[in-house]
Every structure is written in structure tokens, then in C-alpha cells.
Amino acid sequence: MRRFTELFERLDASNATKEKVAALVDYFGGVDPRSGAWALAALSGRKLVRGTSSRLLRRWAAERTGYPDWLIDRSYSIVGDLSETLSLIIEDSETSIRDEPLWRVIEERVLPLGVLPEAERRAVVEAAWSAMDRRQRFVYHKLISTAFRVGVSQKLVTRAMAEVAGVEPAEMAHRLAGAWKPTGAWFSALLSGEGLAVDDGRPYPFCLANPLDMPVEQLGEVGDWRVEWKWDGIRGQVVRRGGRVWVWSRGEELVTQAFPEIVEAVAELSEDCVLDGELLAWSDDGVGSFADLQTRIGRKRVERTLFDRRSVRFLAYDLLELRGEDLRQETTDSRREQLIGMLQSHVYGLDGESVLGLSPLLEATSWQEVACLKDAARDHGVEGVMLKRGDAVYEVGRVRGGWFKWKVDPYTVDAVMVQAEQGSGRRAGLFTAYTFACWRGDELVPVTRAYSGLTNDEIESVDRWVRGHTVGRHGPVRVVEPTRVFEIGFEGIAKSSRHRGGVALRFPRMLRVRDDKRASEADRLETLEGMLR
């Protein structure tokens with residue numbers, strides 16, 4: 001646990017890619033396989049345990065230390081991170097072990113928390129507190145939370161593991177794809193490549209597009225590029241091997257059970273293949289909203305009655321494997337031609353009845369025509385256009401040059417800040433999470449929360465404003481004078497019975513502070529309801 005804690009601290013303290021990779025290589029290059037497997041699972045974003053609620057942890061810590069709730073709350077408001085706060089108030093034990101291997105910590109002090117009753121869970125957590133020092137307790141609290149986060153991406157983890165194993169990052173990415181169990185034997189096989197059990201349903205690492213951040217004309221001749229809609233759905237791969245079918249989301253989550261009609265359609269194909277495309281909600285009017293898909297995600301069973309209300313379609317736009325042959329190093333045009341040939345007897349076009357469709361290419365003879373298509377994207381229920389070079393191979397991850405996404409400008413609304421909360425991690429001690437409201441009659445009604453979009457200088461300026469304009473408190477929440485207007489951008493909007501304003505905004509972020517506007521000039525809920533219609 002000591003070495004993993006040191007790795008966590010090195011990753012958290014640096015913003016430099018080379019330093020992060022070096023820290024990962026140092027750790028995985030000398031770790032015992034059993035601990036290495038669990039470290040890789042945690043750093044890859046795999047959920048280790050259902051999570052222990054912060055409410056219980058606070059109560060257990062308060063009863064152990066004898067500190068009153070108000071003192072813990074006050075400490076939390078200063079530190080800004082509950083995991084760190086609790087690690088600080090709990091004193092080190094004279095018998096602290098401080099050197100348990102990570103595999104033992106996870107298998108004996110993390111995994112049991114998902115199945116034990118409360119009293120036994122508390123005993124496990126308190127035993128862990130006694131066996132660890134302050135730094136290790138902090139990381140332990142992160143491991144038993146609902147999500148373990150540290151400043152490292154899956155791409156960097158893959159790059160480091162490739163360096164340790166002495167293989168190309170693309171090869172390591174494929175070894176890590178799909179379902180695997182974090183055991184010592186698996187970790188050793190991962191590095192050596194020998195005896196690695198490969199699941200037939202394993203997907204390929206996804207090729208990701210870069211946002212278009214230059215004048216589109218700089219891409220060269222429009223004829224060198226293929227233009228498609230950027231669908232507003234769930235990116236996925238459908239794998240058919242040996243007659244069996246698996247459906248994977250871009251986050252490498254197996255969602256097969258949520259889309260039985262997709263499985264049925266792909267099972268009818270005459271050849272094994274791996275399709276890359278988009279899972280979409282679909283109706284008689286065309287593309288449905290992303291919110292419609294959320295009725296499927298997380299379900300172990302999808303009842304047939306749900307099909308009528310939330311139809312889905314898989315639109316394929318790439319072919320990665322055919323009859324067991326990896327096609328990723330062939331060109332976009334070559335893969336597309338083979339995709340059309342394979343699907344032509346099974347697909348009935350976008351207006352047909354098949355749940356398995358082909359994502360169409362859009363015709364454009366100039367960049368101006370492409371821009372017009374992008375601007376009209378919302379009329380088609382999509383987010384913009386995709387630009388793919390006809391001679392591009394299928395890369396691993398976000399490699400600049402082959403694929404670009406050109407999204408339509410976001411929806412915007414001017415809203416009033418009404419509450420603020422402190423951030424965590426590097427933003428601990430600063431108010432960085434804000435609640436925004438729009439007008440309904442003479443009342444400001446909260447419509448969304450936003451955390452991102454401001455520069456560091458703007459965050460510090462808003463933090464000072466919050467401290468000087470607080471008019472009330474609810475625990476860690478500051479109620480502020482409703483006088484400051486922000487422009488909020490978002491990608492989509494849906495009805496919501498869980499929100500007081502009756503709507504939910506998708507991917508909200510702050511575009512700018514509107515100090516040129518008075519609060520009375522902020523938008524009304526009717527504006528958002530109009531966008532919903």
C-alpha cells in the first residue's frame with residue numbers, strides 16, 4: 001500500500017505527461033503481479049466496490065475521534081476533500097503496519113464492504129484505519145468511494161504498461177480491452193503476452209476524433225474527406241464471433257443485455273465481424289434524444305414492452321474486423337466499401353424497419369457546403385458532422401489528423417448564480433461548483449449546476465465574489481446574492497421530474513460571466529421550455 005500511495009501522490013502532484021508515465025513505469029515495473037493487477041484495475045476506472053457512503057464514514061470517524069459534527073464540517077469546508085479531512089482527524093495507531101501489499105488491502109479491506117452489513121463494514125474500515133498512516137488512509141478512502149479518481153487517463157496507463165512490457169501502445173490497448181479479472185496470473189500474462197486468455201467478445205480500442213480547432217479550409221481538399229453526421233447517441237462496438245454477439249460502449253462496458261434487438265439483428269448476419277457505430281434512440285420521427293437511451297442503461301433485463309416506447313437502432317460507420325481479419329490498418333474508404341458489401345442484404349436504409357443501419361455519407365463539394373450541413377445539424381437531431389480522411393487508418397485513441405468532429409454551437413441560456421460550493425483536490429478551498437437559476441414569474445428557479453468553463457483567474461475572481469456576497473449557508477453550500485449572471489452552454493435538454501425547473505441540461509458549462517447584464521435580464525424558464533419543444 002505504501003508504494004501505491006506514493007504512486008497516487010506522484011500522479012496527483014504533476015500535470016506533466018512524461019512525469020506521470022515515468023511514475024507509472026516505476027510502479028508497474030517493480031510491483032508484485034497480484035498488486036499490479038488491482039492497481040491497474042483502479043487506475044483504469046474499473047469500479048472496485050459499490051462504495052461506502054460519506055455519511056457513514058463521517059459518523060464512524062466522529063464516534064472514533066469524539067469530535068463533534070460541527071468541527072468535522074468546519075474542517076471539511078477548509079480542506080475541501082472529505083477523504084483527506086477524515087484521514088487527518090484520525091490519529092495514527094502505534095501499531096500501524098504501513099506496509100500491507102495493495103492486493104491484501106483491496107481483497108480484505110475494500111471488496112468485503114460491498115456485501116457486509118453495516119456493523120461488520122465499520123469493523124473492516126476501522127481496522128484499515130489502524131493499519132495505515134495518514135497518507136495511506138487518504139488513498140484508502142478514495143478506493144472505497146463510489147469512484148476512484150486520480151489525474152491519469154486510460155491512454156497514459158496503456159502507454160506506461162506498453163513501455164513496461166516492451167510492446168507498442170496499440171498492442172497493449174488491445175490486450176487491455178474487454179472484460180478481464182485482476183489476478184496475478186492475468187497481470188503476468190498481460191506483460192509477457194504468453195498464455196493471455198482472450199475473451200471472444202473482446203472489442204478493439206476505439207479511434208477517437210479531435211475537435212476541429214482550426215479553419216476547416218486548412219484540412220486541404222474537401223474531396224479527401226468523408227463527411228458523416230455526428231450522432232447524439234452511445235458510441236459502441238458490436239462484436240460477432242463464432243455466432244455469438246456482444247455489445248460494448250465506448251467506456252468498454254458490456255451493455256449486451258440492454259439491447260436485445262441489436263443482438264438479434266447482428267446474429268442474423270452471415271459473417272463474423274466487429275462493427276463500430278452509434279447506438280441511437282429511434283422513433284417514427286427519426287433520431288430520439290439521448291435521454292431516451294437512459295431507460296436502457298443499467299438494466300439487467302429489457303422488457304419487450306420497453307421496445308415500443310424506446311426503440312433503438314445501431315448505425316454502423318466502420319468495419320474493424322471481418323471473418324477474423326483485423327482491418328484497422330486498411331483505409332477508411334476500403335473499410336467502408338467492405339462494410340457496405342457485408343450489410344447490403346441486411347440493411348433497408350434509414351427509413352426502413354431494420355434496427356441495424358448504415359450511417360450515410362453526406363454529399364458536399366466545398367467546405368462551404370460542409371459548413372451548411374453542420375449548421376443544419378440540429379434539424380436532423382444530431383450534434384454536427386464528422387470529418388474522416390479517406391486514406392486514414394483506424395488509430396487507437398485520439399490521434400490528430402485522421403478524424404475530426406465539427407460540432408454545432410451549443411445551446412445557451414443566461415442564468416443567475418444562486419449557490420456555490422467548494423471544489424476538491426487542486427481546487428480545495430475555492431468555490432468552483434455553482435448553481436444557476438432562471439426566472440419563473442418573480443421567482444428564481446434552479447435549473448442546473450456547473451463546474452467547468454472558467455479560467456483559473458476567473459475562478460479566483462468568482463471565489464472572492466462569493467465570499468463577499470454570501471447571504472446564507474446550508475452546510476457546505478453558500479447561498480449568494482442573486483445578482484450575477486453567467487452564460488451557460490449545454491449540449492441538450494430533456495424533461496425531468498427530478499428537477500425543480502422541470503428540465504435537465506446535458507453537459508452544462510460556463511461560457512462567460514455576463515457582468516454586462518442585470519439579474520432581471522436573465523432568461524426565463526419559458527426559454528428553456530421552448531428549446532425543449
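Up top is the structure these notes are about.
Only a predicted model underlies this, so the values are computations on that prediction, with no experimental measurement involved.

K.L.:
Explain the overall build of the chain residue by residue, including any values.
P.N.:
When its secondary structure is counted, the chain shows 19 helices and 20 strands. For 533 residues, the compact-globule formula gives about 24 Å, and the C-alpha radius of gyration of the chain, at 26 Å, lands near that figure. Its C-alpha atoms give the chain principal-axis dimensions of roughly 70 × 65 × 50 Å. Counting the 533 residues in the chain, one finds 49% classified as buried. Looking at the chain alone, contacts between residues at least 24 apart form 70% of all its contacts between residues at least 6 apart.

K.L.:
Which residues make up the packing of helix α10 (residues 154–165) against helix α11 (residues 169–176), and what values go with them?
P.N.:
Between α10 and α11, the shortest axis-to-axis distance is 8 Å and the interhelical angle comes to 110°. One way to sum up the angle between α10 and α11 is to call them roughly perpendicular. On the side of α10, the interface is formed by Gln-154, Thr-158, Met-161, Ala-162 and Ala-165, while α11 contributes Pro-169, Met-172, Ala-173 and Leu-176. Looking at the contact of α10 with α11, its residues break down into seven nonpolar, two polar and no charged.

K.L.:
So what's going on with the pattern of salt bridges? Which residues, and what values?
P.N.:
Enumeration over the complete set of coordinates arrives at 40 salt bridges. Notably, a salt bridge pairs Asp-26 with Arg-10, separated by 3.1 Å at the nearest N-O pair. On the criterion of sequence distance, the pair formed by Asp-26 in helix α2 (residues 17–30) and Arg-10 in helix α1 (residues 2–13) is long-range, its members being 16 residues apart. Judged by its relative accessible area of 41%, Arg-10 falls in the partly exposed class. Here Asp-276 makes a salt bridge to Arg-235, at a shortest N to O gap of 2.8 Å. Here Arg-235 lies in strand β3 (residues 234–241) and Asp-276 lies in strand β5 (residues 273–283), a separation of 41 residues in the sequence. Among the residues examined, Asp-276 registers a relative accessible area of 0% and is labelled buried. Each of Arg-59, Glu-63, Arg-64, Glu-118, Arg-122 and Glu-126 takes part in a single network of salt bridges with overlapping partners.

K.L.:
Tell me about the pairing of strand β13 (residues 431–440), and please be specific about residues and values.
P.N.:
A large share of β13 lies buried, amounting to nine of its 10 residues. Pairing of β13 with strand β14 (residues 443–450) involves seven bridges; the strand directions are antiparallel. Paired with Thr-435 across the two strands is Arg-449, which belongs to β14. The loop that links β13 with its antiparallel partner β14 comprises two residues; one of these, Gly-441, has a positive phi angle of about 65°.

K.L.:
Let's hear about helix α6 (residues 82–89): which residues, and what values?
P.N.:
The buried count for α6 comes to six of eight residues, which makes it a mostly enclosed element. Restricting attention to buried positions, one finds in α6 the residues Leu-82, Ser-83, Thr-85, Leu-86, Ser-87 and Ile-89. A side-chain oxygen of the first residue of α6 lies 2.9 Å from the backbone nitrogen of Ser-83; this N-cap is Asp-81.

K.L.:
For the nonpolar core, give the residues involved together with the corresponding values.
P.N.:
When a protein is soluble and globular, its nonpolar side chains tend to lie buried together. Within the largest apolar cluster, 63 residues are counted, with the highest numbers of intra-cluster contacts made by Phe-28, Leu-40, Leu-43, Tyr-140 and Leu-143. The dominant element in this core, judged by the number of residues it contributes, is helix α3 (residues 33–43), at seven residues. Ignoring anything within four residues of it in the chain, the contact list for Tyr-140 reads Met-1, Val-105, Arg-109, Val-110, Leu-113, Val-124, Val-125, Ala-128 and Met-132. Cys-273, Val-312, Leu-327 and Leu-343 belong to the second-largest nonpolar core, a separate cluster that totals 28 residues.

K.L.:
Just give me the short version of the side chain of Ser-359, but keep the residues and values in it.
P.N.:
Structurally, Ser-359 can be placed in the loop between β9 (356–358) and α17 (367–375). Within the structure, Ser-359 has its side chain in polar contact with the side chain of Trp-231 (distance 2.9 Å).

K.L.:
Go over the packing of aromatic side chains with me, naming the residues and quoting the values.
P.N.:
With the rule as written, the count across this model stands at 11 aromatic pairs. On the numbers, 6.0 Å between centres and 65° between planes, the contact of Phe-4 with Tyr-27 is edge-to-face. Placement of Phe-4 in helix α1 and of Tyr-27 in helix α2 is noted, with a sequence separation of 23 residues between them. Judged by its relative accessible area of 2%, Phe-4 is buried. The ring of Trp-103 carries the charged tip of Arg-34 above its face, separated from the ring centre by 3.6 Å. Sitting above the plane of the Trp-282 ring, Arg-313 keeps its charged end 4.6 Å from the centroid.

K.L.:
Tell me about the sheet that holds strand β2 (residues 225–230), residues and numbers included.
P.N.:
Strands sit in the order β1-β11-β10-β2 across an open sheet of four strands; the sheet is mixed. Since the sheet does not close on itself, it has two edges, and those belong to β1 (210–211) and β2, each with one partner. Looking at chain direction, strand β10 (residues 384–389) and strand β11 (residues 403–407) are connected through five bridges and run antiparallel. The residue of β11 that forms the bridge with Gly-384 is Lys-407. Contacting β2, β10 and β11, α17 runs over the sheet at an angle of about 140° to β10.

K.L.:
Please provide a residue-by-residue account of the pairing of β11, values included.
P.N.:
Regular strands place side chains that alternate from one sheet face to the opposite one. As paired strands, β1 and β11 are joined by two bridges and run parallel to one another. Across the sheet, residue Pro-211 finds its bridge partner in β11, namely Lys-405.

Reading the values: rules and limits
- Residue numbers run consecutively from 1 along every chain, following the written order of its sequence.
- Note on the predicted model: pLDDT of at least 70 is required for a residue's local features to be given, and 80 or more for side-chain atom pairs to be given and counted; whole-chain, interface and lining totals, by contrast, use all residues.
- Side-chain measures here rest on the full set of heavy atoms in the structure, leaving out hydrogens and waters.
- Secondary structure elements are defined from DSSP: runs of H or I of at least 4 residues count as helices, runs of E of at least 2 residues count as strands, and each element is numbered from the N terminus.
- Every radius of gyration here is taken over C-alpha atoms, with the globule rule written as 2.2 Å times N^0.38, N being the number of residues.
- Partly exposed residues are those whose accessible area sits between 20% and 50% of the maximum for their type, while under 20% is buried and over 50% is exposed, using a 1.4 Å probe and protein chains only.
- By the convention used here, residues are in contact when the closest approach between their heavy atoms is within 4.5 Å.
- Axes here refer to lines fitted to C-alpha atoms; in helices the fit is confined to the stretch in contact. Angles between the N-to-C directions go from 0 to 180 degrees.
- Roughly parallel means an angle under 35 degrees; roughly antiparallel, over 145; roughly perpendicular, 65 to 115; everything else is oblique.
- Note on residue categories: nonpolar means Ala, Val, Leu, Ile, Met, Phe, Trp, Tyr, Cys or Pro, charged means Asp, Glu, Lys or Arg, and polar means any other residue, Gly included.
- Here a salt bridge means any side-chain nitrogen of Lys or Arg lying within 4 Å of a carboxyl oxygen belonging to Asp or Glu.
- Strands pair, by our definition, only if DSSP identifies at least two bridges between them.
- As used in this structure description, the phrase polar contact means that two N or O atoms lie within 3.5 Å; if the pair is within protein, one of them must be able to donate a hydrogen and the other to accept it, and residues adjacent in sequence are counted only when both atoms belong to side chains.
- The criterion is simple. A nonpolar core is a set of buried Ala, Val, Leu, Ile, Met, Phe, Trp, Tyr and Cys residues joined through side-chain atoms within 4.5 Å.
- Any pair of Phe, Tyr and Trp rings, taking the six-membered ring for Trp, is counted once the centres come within 6.5 Å. Such a pair is stacked with planes under 30 degrees apart, edge-to-face with planes over 60 apart, and tilted for the rest.
- Note on criteria: charge over ring means Lys NZ or Arg CZ within 6 Å of the ring centre, with the direction from the centre no more than 35 degrees off the ring normal.

In short, the description is geometric, and any link to function would need to be established separately.
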